[in-house]
Amino acid sequence: MHTRFIASQSVQLAVPEQPIPIQHYLRQPQRLVGALVDSSRIEQLGEEMFRLKMRPLSFLTLTIQPTVDMRVWSEPGGTVRLKSTGCEIRGIEYINQRFALHLVGQLYPIQIDNITHLKGRADLEVQVELPPPLWLTPAPILEATGNGLLKSVLLTIKQRLMYQLLSDYRRWATVDRENAPSIQPPGLSADHPII
């Protein structure tokens, strides 16, 4: 029985002002991935490629743990995009051979009333051929359970984005500012400006 589940999640949050604009932070996709997912579940495969081991998910009588390969990259202006490039379900070969996960998302800064906000959206789709024991489950129950599961995954990502990302950005902007060399030319001081 072939089934399709979908979920979408939008986010918009105000970004507290820091010494370094968030656009600079967003140019480092690996920091974004590290803020969204616990570091013990991330493997960096390349400059823009990451393998994420998701937490185990329970669906009716099944428990699965997807491993998702994703490309995460930044574009000029601070927009960050992500797209899944592969997925594997370890431990249940029947489902692994009949499972497809597609995730696309973007996050970008916008100005609203002179305040920087991050705005984003993620769309998640799973196509799976369920094993025979679940074929007798009514389709509305399957759809509601599957769609609800995907929504909970995206909601968890949204919550981490709202707290972990802003916390990591604040820490990064402060530490980076403290460790940055002075940009003042030698022989000049702030107390004696040229003008």
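Use the structure listed above.
This brings us to the overall build of the protein. Looking only at helices and strands, one finds 4 helices and 9 strands in the protein. Listing the helices and strands of the protein from first to last along the sequence gives β-α-α-β-β-β-β-β-β-α-β-β-α. Looking at the protein as a whole, 37% of its 195 residues are labelled buried. Summed over its atoms, the accessible surface of the protein is roughly 11700 Å², and 54% of this surface lies on carbon and sulfur atoms.

Attention shifts here to the pairing of strand S3 (residues 49-53). Only one face of S3 is buried: it carries Phe50 and Leu52, and the other face, with Met49, Arg51 and Lys53, is open. Where strand S2 (residues 42-44) lies against S3, 3 bridges are found, and the strand directions are antiparallel. Bridge pairing in S3 links Ile42 to Leu52. The turn joining S2 and S3, which pair antiparallel and follow one another in sequence, is formed by 4 residues.

Each pair of aromatic rings is reported with the distance of its centres and the angle of its planes. Applying the stated criterion across every chain yields a total of 3 aromatic pairs. Geometrically, the ring pair formed by Tyr25 and Tyr169 is edge-to-face, given 5.6 Å between the ring centres and 65° between the ring planes. Of this pair, Tyr25 sits in helix H1 (residues 22-25) while Tyr169 sits in helix H4 (residues 139-179), placing them 144 residues apart in sequence. The same class applies to Tyr25 and to Tyr169, which are both buried. Each ring, one from Tyr25 and one from Trp172, has its centre 5.6 Å from the other, and the planes form 65°; the classification is edge-to-face. Here Trp172 lies in helix H4 and Tyr25 lies in helix H1, a separation of 147 residues in the sequence. For Trp172, a relative accessible area of 11% translates into the label buried. The structure contains a cluster of three or more aromatic residues connected by ring pairs, namely Tyr25, Tyr169 and Trp172. Between the NZ or CZ atom of Arg71 and the centre of the ring of Trp73, over which it lies, the distance is 3.9 Å.

So, on to the pattern of salt bridges. Scanning the entire structure with this criterion turns up 8 salt bridges. The partner of Arg71 in a salt bridge is Glu48, with the nearest N and O atoms 2.9 Å apart. Of this pair, Arg71 sits in strand S6 (residues 66-74) while Glu48 sits in the loop between S2 and S3, and the two are 23 residues apart along the sequence. What makes Arg71 partly exposed here is its relative accessible area of 30%. Owing to a relative accessible area of 28%, Glu48 belongs among the partly exposed residues under this scheme. In this structure, Arg98 and Glu129 form a salt bridge, with 3.8 Å as the shortest nitrogen-oxygen distance. With Arg98 in the loop between helix H3 (93-96) and strand S8 (99-112) and Glu129 in strand S9 (residues 115-129), this residue pair connects regions lying 31 residues apart in the sequence.

Quick notes on the rules
Residues numbered from 1 in each chain as written. Predicted model: local features only at pLDDT ≥ 70, side-chain atom pairs only at ≥ 80, totals over all residues. Heavy atoms only, no water. Helix = DSSP H or I, 4+ residues; strand = E, 2+ residues; numbered from the N terminus. Buried < 20%, exposed > 50% of the residue type's maximum accessible area, 1.4 Å probe, protein only. Areas by Shrake-Rupley, 256 points an atom, 1.4 Å probe, with all protein chains shown as cover. Pairing = 2+ DSSP bridges. Phe/Tyr/Trp six-rings, centres within 6.5 Å; stacked < 30°, edge-to-face > 60°. Lys NZ or Arg CZ within 6 Å of the ring centre and 35° of its normal. Salt bridge = Lys/Arg side-chain N within 4 Å of Asp/Glu carboxyl O.

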